[in-house]
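Structural overview for review
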Amino acid sequence: MAETSISSSSDILETQDTTTLAELFSSSATTPASQAYLNHLTTLDLETLIAEPSILQTQHHHLTSSLTSLTHTSYPAFISLHDTTAALTSSLDEFSSALDSLINESLPALEESSSSWRDRTDAVLNERRKARVVLEQHDKIRDLLDIPLLIDTCVRNGYFSEALSLAAHAQSISSSYSTTAEETPPFILTSVLSEVHNSMNHMLISLLSTLYEPNRKLPALWKAVNFLRKMEAFKSTAQPGEKENYVDPEEEIALAFLSGRELCLSAALEGCKRDIMRLVGAGSSTLEERDKEDLTRYMKKYIDLWREGVYDILTQYSSIFLEHPESNKSSDSSANSSELLFSLRALLTAYTSRAFHSHLLPLLSPSLTLCNFPLSSLPSILTQLTYCATAFARVGMDFRGILGGLFSEAILTIVTRELQTQTQSWIDTLQTKMGSKTQKRTSVISTSRGAANPSALPSKWIIIASAIASPPTKTSSASPAHVAPSILTSYPPLATHTNAVLTTLNNLRLLAPMAISQDVLNVIDSEMARGGEALFAYVKKVLEDLKQAGVDQNEEKEKENRQEEKVALAIIEVYFHVWVPFIRRAVGEGVFGLKGVYDVVLDPESAEDGVDHNVDNVPTSRGVELDGGIVDLKRVIREWEGWLENVANS
């Protein structure tokens, strides 16, 4: 075998003379070990080289024997080695797959994640930075968040100055942020400012509500108005130079003040006004004396409430807006201040006029027009109103000129009504003695059955018993205008009628407007004419009945009839010549102080001084015809005197 190998090598060497042995070995080696062995062979001599194949054979048998022995003795190790090798091979495959996945998938993903790491962590870092800032500014943020709650607390407890300071602090924070940052304010600041604005609106409502609360005095109203000024809630969009559209905030506050106090005044007057309107609506004809007294009491109470309420409003308004006027920053010049003061005074003037025409006059006018008040109560009401008007005159609200016309009309109407009632009572008494007005009158001397009717005879009811024998017809001396002639005491019905008339005149003396003097004189003349006409009819009826009854009567009966006739003529004589002049003088001189001749002179030229009350140049309140009353009275007197002359001649 070695020889074959050698011969083969010789052949190779013979065929390739130019190729060295080392080059030949190098070309045949496939592994580093084989290359090392071939290099070793080149170092051997020929003998050793020839013996090398036998040595190799021996080593081969020795190694095979050793390997067989090792296999039989160490087979468990080989099995374990096989398993381990298989596991290692599988692990290496898995490792190769995992390595490929790492290289092909995970590393690109990691690289991509690494590149996007900054982008994703910047947001987190920003949030963490914000959280850190919030943590560092925790106290300041909490103070900021507490501002709305503190403002609400201050508003509820009336600490308006502190509330304004907190609101200004919040606004300054917002302003400082807007000047240092270009972006919009953060949500928390916007939310806080919104709550602050809401709280300030509540404060504005609270301050305005103060103006609408009754029984609020000047200090509380002054405080509310001052804080309204500081809040600058009333701002005009126009500029002070724009005269047409500009309204000064001070005017708006003043108008809000007047509106609030006006509502309080209306509420205070409502209860008393309701009672007055109930009595006024009932009408004077259905009111009893007690109701009229209640009406007077309610009206006095209403006037007091109105006076106190309006005067409080005027003084409060003057103290707040006129004595210390304030304007906004855009109208600080003296010209604008003067215009503002003029506007504020105009508002007050308009309100005072409205307060009178909407509260007092609508109640006073119908009450006086319908004459629901008793005459005796009018002086006290007018005195109360006069004092009220005098007090208001200091603030430019003098309404005394309106009162004169209202009370003059009311007094004239009440006096006329009372005099008519009294005259009608006198007429009814006379007609009762003559018989029913709706039935045929019977004789005052005898009834329809022929029996005597002593109650109808003049001596039985119209004169006192002691004066029947010699009925007085003339007064002994002239009495003062306010003292009734003593002769009237002899005639009780006429004295009673006199007392009723004098009661009305005494009530009129307490409040006697000169504007109605001639009207009252005209009314009293008309009523005396009516009463005299009724008395004249009664006397004529008595004398006619006495004349008819005097036929076929004895001397004693005729004497009684003459006495009755004498009494009848005496009463009518006293009525026209004593009672009428006294009443006319009591009205003209006693009530109104008009000097003159008050005797009814049929021929004006025969008067002592040629003066008659109808020619006195005193203005009238209604423009009525002044001659009506005296003309009727003179007509009745002429008829009586003419009839008396005819009776005397017959």
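Residues numbered from 1 in each chain as written. Predicted model: local features only at pLDDT ≥ 70, side-chain atom pairs only at ≥ 80, totals over all residues. Heavy atoms only, no water.

Some details on the overall build of the chain
Check the secondary structure of the chain and you find 19 helices and zero strands. Of all 650 residues assigned to the chain, the portion counted as buried reaches 36%. In the chain, once contacts between residues fewer than 6 apart in sequence are set aside, the share between residues at least 24 apart is 74%. Per element, the accessible surface of the chain, about 37,200 Å² overall, is 55% carbon and sulfur. (Helix = DSSP H or I, 4+ residues; strand = E, 2+ residues; numbered from the N terminus. Buried < 20%, exposed > 50% of the residue type's maximum accessible area, 1.4 Å probe, protein only. Contact = heavy atoms within 4.5 Å. Areas by Shrake-Rupley, 256 points an atom, 1.4 Å probe, with all protein chains shown as cover.)

A few points about unusual backbone geometry
Despite not being glycine, N215 has its phi angle at roughly 65°, a positive value. Its location among the elements puts N215 in the loop between α8 (187–211) and α9 (218–231). Residue classification places N215 among the exposed positions, given a relative accessible area of 70%.

Digging into the pattern of salt bridges
Evaluated as defined, the whole model comprises 13 salt bridges. Ionic pairing is found between D545 and K541, a salt bridge with its closest N-O pair at 3.8 Å. Placement of both D545 and K541 in helix α17 (residues 517–549) is noted, with a separation of four residues, approximately one turn of the helix. Between R585 and E589 there is a salt bridge; the shortest N-O distance is 3.2 Å. Of this pair, R585 and E589 both sit in helix α18 (residues 555–591), separated by four residues, roughly a single helical turn. By relative accessible area, which is 25% here, R585 ends up partly exposed. Three or more residues joined by partner-sharing salt bridges are found here, namely D304, R307 and E308. (Salt bridge = Lys/Arg side-chain N within 4 Å of Asp/Glu carboxyl O.)

Some thoughts on helix α14 (residues 400–434)
Taking 1.5 Å of rise per residue, the 35 residues of α14 would be expected to cover 51 Å, and the 51 Å separating its terminal C-alpha atoms lies within 8% of that figure. One or two residues past the end of α14 sits G435, with phi positive at roughly 120°. (Expected span 1.5 Å × (residues − 1).)

Read these as geometric descriptors, not functional statements.
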